[in-house]
Amino acid sequence: MGAVNASSPGLGTSGHIGTNVDEARRILAASRRIVAFTGAGVSAESGIPTFRDAGGLWERVSPEEFGTPWGIADLVRRRPDRLVEVLAELAGVVLEAEPNPAHQTIGALERAGRLAGVVTQNVDDLHERGGTRTIRKLHGDLGRFRCLGCDRTDMRSREALAAIVRGLTATAALTADQLLAAAPRCPSCRALERPDVVLFGEMLPESEVEGARRLLADADCLLVVGTSGSVEPAASFARTVVRGGAPMIEINLAPTDLTPLATVSLFAPAGEILPELVTEG
Ligand code: OAD
């Protein structure tokens with residue numbers, strides 16, 4: 001097991017660093033059913049903040065208030081303007097973001113028939129826009145809305161999302177009633193809708209978990225990119241694949257809970273190192 005640090009001088013050229021990059025390249029080149037398991041770090045270079053890094057979302061707002069259904073219900077009642085402020089800022093950042101070379105390299109590996117799919121904890125659409133076709137989104141999708149009345153889900157375009165944000169932010173000192181009036185409604189039953197993302201305390205979507213398990217069961221290499229691995233099932237998924245005998249390559253800025261499982265860990269920004277690892281063929 002080896003590790004490199006991007007802050008070391010001469011990434012990819014000194015003996016130790018080069019050895020690990022070479023090993024990662026060799027593993028990837030020999031694999032035909034790679035599964036990428038990704039977290040917020042893969043989208044960081046696209047400008048979307050992560051959760052647990054310095055300046056990350058959970059440092060700026062409390063996960064208990066902004067990351068749970070009961071916290072959000074309470075914010076709607078007591079601090080609707082603050083809720084809308086935070087949601088509008090996040091939505092603005094996600095709507096502005098473009099796929100970076102890490103998303104694009106993962107997409108290219110699938111097109112080349114070497115990557116079976118992506119399992120992600122992210123709710124943005126940057127993998128899909130970076131060329132990924134097969135994807136399991138464990139924590140839902142920010143572009144999809146779910147009706148609180150009939151449970152129907154529907155995808156909204158980026159333009160429609162931007163219009164929802166504009167509607168919510170149009171009124172200063174928003175009251176709870178005004179927020180509910182401007183919130184999206186189900187096209188079929190007119191009940192309120194919510195973004196179809198998983199909050200703390202909620203179940204992961206069963207079909208996505210099952211799909212992820214199927215992909216991982218057949219993986220001949222696990223490529224873990226930009227996740228702290230601190231939210232389950234990240235660690236148990238990685239453990240299962242590694243126990244099954246597949247090598248694991250980890251790309252992160254720093255060691256994580258998953259590092260002890262890795263065959264090779266590369267500590268460098270994903271958008272810089274991933275394109276370096278993939279060779280033709
Ligand atoms: P975290 O914020 O916990 O971890 C992000 C990881 O990305 C950290 O380990 C960083 O070191 C790493 N990172 C940051 N920038 C990077 C870069 N440019 N290249 C490579 N790595 C980089 O985010 P997740 O692991 O995705 O769930 O968090 C998992 C879940 O916890 C999220 O899906 C979310 C959160 O609470 C829910 O909200 C339910």
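Note that residues are indexed from 1 along each chain, following the sequence as it is written. With pLDDT at 70 or above as the cut-off, local features in this predicted model cover only qualifying residues; side-chain atom pairs require 80 or more to be listed or tallied, and sums for whole chains, interfaces and linings still use all residues. Only hydrogens and water are removed before side-chain values are computed, so all heavy atoms of the structure are retained for them.

S.K.: Can you walk me through the environment of D53 in this structure?
M.R.: By the criteria applied, helices consist of DSSP H or I runs no shorter than four residues and strands consist of E runs no shorter than two, each listed in order from the N terminus. Structurally, the position occupied by D53 is in the loop between β2 (34–38) and α2 (57–60). Taking C-alpha positions, D53 is 9.2 Å from G41, a pair spaced 12 residues apart along the chain. Residues adjacent in sequence count toward polar contacts only when both atoms are side-chain atoms; beyond that, a polar contact is any pair of N or O atoms within 3.5 Å, and within protein one must be able to donate a hydrogen and the other to accept it. Within the structure, D53 has its side chain in polar contact with the side chain of T50 (distance 2.5 Å).

S.K.: Can you walk me through the nonpolar core in this structure?
M.R.: As a rule of thumb, nonpolar side chains are buried together in soluble globular proteins. Grouping buried Ala, Val, Leu, Ile, Met, Phe, Trp, Tyr and Cys residues that are joined through side-chain atoms within 4.5 Å yields what is termed a nonpolar core. Note on exposure labels: buried denotes an accessible area under 20% of the residue type's maximum, exposed denotes more than 50%, and partly exposed covers the range between, all computed with a 1.4 Å probe on protein chains only. Counting residues in each nonpolar core, the largest one holds 25 residues, and the members touching the most others are I249, I251, L266, L274 and L277. Contacts were defined at the residue level, with two residues in contact if any of their heavy atoms lie within 4.5 Å. L274 has contacts with A102, T105, I106, L223, V225 and I251, leaving out every residue within four places of it along the chain. F37, V119, V224 and F237 belong to the second largest nonpolar core, which has 20 residues in total.

S.K.: Is there a simple way to explain the site of the ligand in this structure?
M.R.: Lining the immediate environment of the ligand, one finds 24 residues, of which R52, H139, T227, S228 and N252 sit closest. Between a nitrogen atom of the ligand and a main-chain N or O atom of A270, the distance comes to 2.9 Å. Per-residue and other accessible areas were derived by the Shrake-Rupley procedure at a 1.4 Å probe size, with only the shown protein chains allowed to occlude residues. When the free accessible area of the ligand is taken as 800 Å², the share hidden by the protein chains comes to 93%. Looking at the shell around the ligand, its residues break down into 11 nonpolar, 10 polar and three charged. Near, as used in this document, describes a residue that has one of its heavy atoms within 4 Å of the molecule or strand being considered. Each residue gets one label: Ala, Val, Leu, Ile, Met, Phe, Trp, Tyr, Cys and Pro are nonpolar, Asp, Glu, Lys and Arg are charged, and the others, such as Gly, are polar.

S.K.: Please explain the packing of helix α6 (residues 101–111) against helix α12 (residues 270–277) as it appears in this structure.
M.R.: Angle between the axes and distance between the axes: these two values describe a pair of packed helices. Running from amino to carboxyl end, α6 crosses α12 at an angle of 30°, the nearest separation of the two axes being 7 Å. Classified by the angle between their axes, α6 and α12 sit roughly parallel to one another. Residues P101, A102, T105 and I106 of α6 form the contact with α12, whose participating residues are A270, G271, L274 and P275. Helix axes are fitted only over the stretch in contact, all axes being lines through C-alpha atoms; the angle between N-to-C directions runs from 0 to 180 degrees. Working rule for angles: under 35 degrees goes down as roughly parallel, over 145 as roughly antiparallel, 65 to 115 as roughly perpendicular, anything else as oblique.

S.K.: Is there a simple way to think about the packing of aromatic side chains in this case?
M.R.: Aromatic rings considered in pairs are described by the distance between their centres and by the relative angle of their planes. Pairing of aromatic rings covers Phe, Tyr and the six-membered ring of Trp, with a centre-to-centre limit of 6.5 Å; geometry is then stacked below 30 degrees between planes, edge-to-face above 60, and tilted otherwise. Applying the stated criterion to the full structure yields three aromatic pairs. Taken together, a centroid distance of 5.9 Å and an interplanar angle of 45° make the contact between W58 and F200 tilted. You can see W58 sitting in helix α2 and its partner F200 sitting in the loop between β7 (193–197) and α10 (206–217), a full 142 residues away along the chain. With a relative accessible area of 34%, F200 lands in the partly exposed category. Taken together through their ring pairs, the aromatic side chains of F51, W58 and F200 make up a single cluster. Above the face of the F145 ring, R156 is positioned so that its terminal group lies 5.2 Å from the ring centre. For a Lys NZ or an Arg CZ to count as sitting over a ring, it must be within 6 Å of the ring centre and within 35 degrees of the ring normal.

S.K.: In this structure, what is going on with the pairing of strand β9 (residues 248–252)? I would like to understand it.
M.R.: For a regular strand, the rule is simple: side chains alternate between the two faces of the sheet. By the criterion of burial, β9 is predominantly enclosed, with five of the five residues buried. Every second residue of β9 is oriented toward a common face, with M248, E250 and N252 on one face and I249 and I251 on the other, all of them buried. Two strands are said to pair when DSSP picks up at least two bridges between them. When strand β8 (residues 221–225) meets β9, the two strands line up parallel, connected through four bridges. Considered in β9, the bridge of L222 is made with M248. Pairing between β9 and strand β10 (residues 264–267): four bridges, direction parallel. Looking across to β10, one finds that N252 is bridged to F267.

S.K.: It is not clear to me how the pattern of salt bridges should be interpreted in this structure. Could you clarify?
M.R.: When the charged atoms of two side chains with opposite charge come close together, those side chains can pair. Salt-bridge detection follows one rule: a side-chain nitrogen of Lys or Arg within 4 Å of a carboxyl oxygen of Asp or Glu. Taken as a whole and assessed by the stated rule, the structure comprises 20 salt bridges. Where R33 meets D218, a salt bridge forms, and the shortest distance between an N and an O atom there is 3.6 Å. Pair noted here: R33 is in the loop between α1 (15–29) and β2 and D218 is in the loop between α10 and β8, with a separation of 185 residues, a long-range link. Taking relative accessible area as the criterion, R33 reaches 36% and is therefore assigned partly exposed.

S.K.: Whenever I open this one, the pairing of β7 confuses me. Can you help?
M.R.: Judged by how many residues are buried, β7 sits mostly within the fold: four of five residues are covered. Where strand β5 (residues 140–147) meets β7, five bridges bridge the pair, whose relative direction is antiparallel. Within β7, the residue paired with D141 across the bridge is D196.

S.K.: Help me understand the sheet that holds strand β6 (residues 153–155), please; the structure alone is not making it clear to me.
M.R.: Sheet strands line up and pair through hydrogen bonds in the backbone, either parallel or antiparallel. Reading across from one edge, β6-β5-β7 is the order of the three strands in this open sheet, with antiparallel pairing throughout. Strands at the two margins of the open sheet, each flanked by one partner only, are β6 and β7. With strand direction ignored, the average angle separating the axes of adjacent strands in the sheet is 40°.

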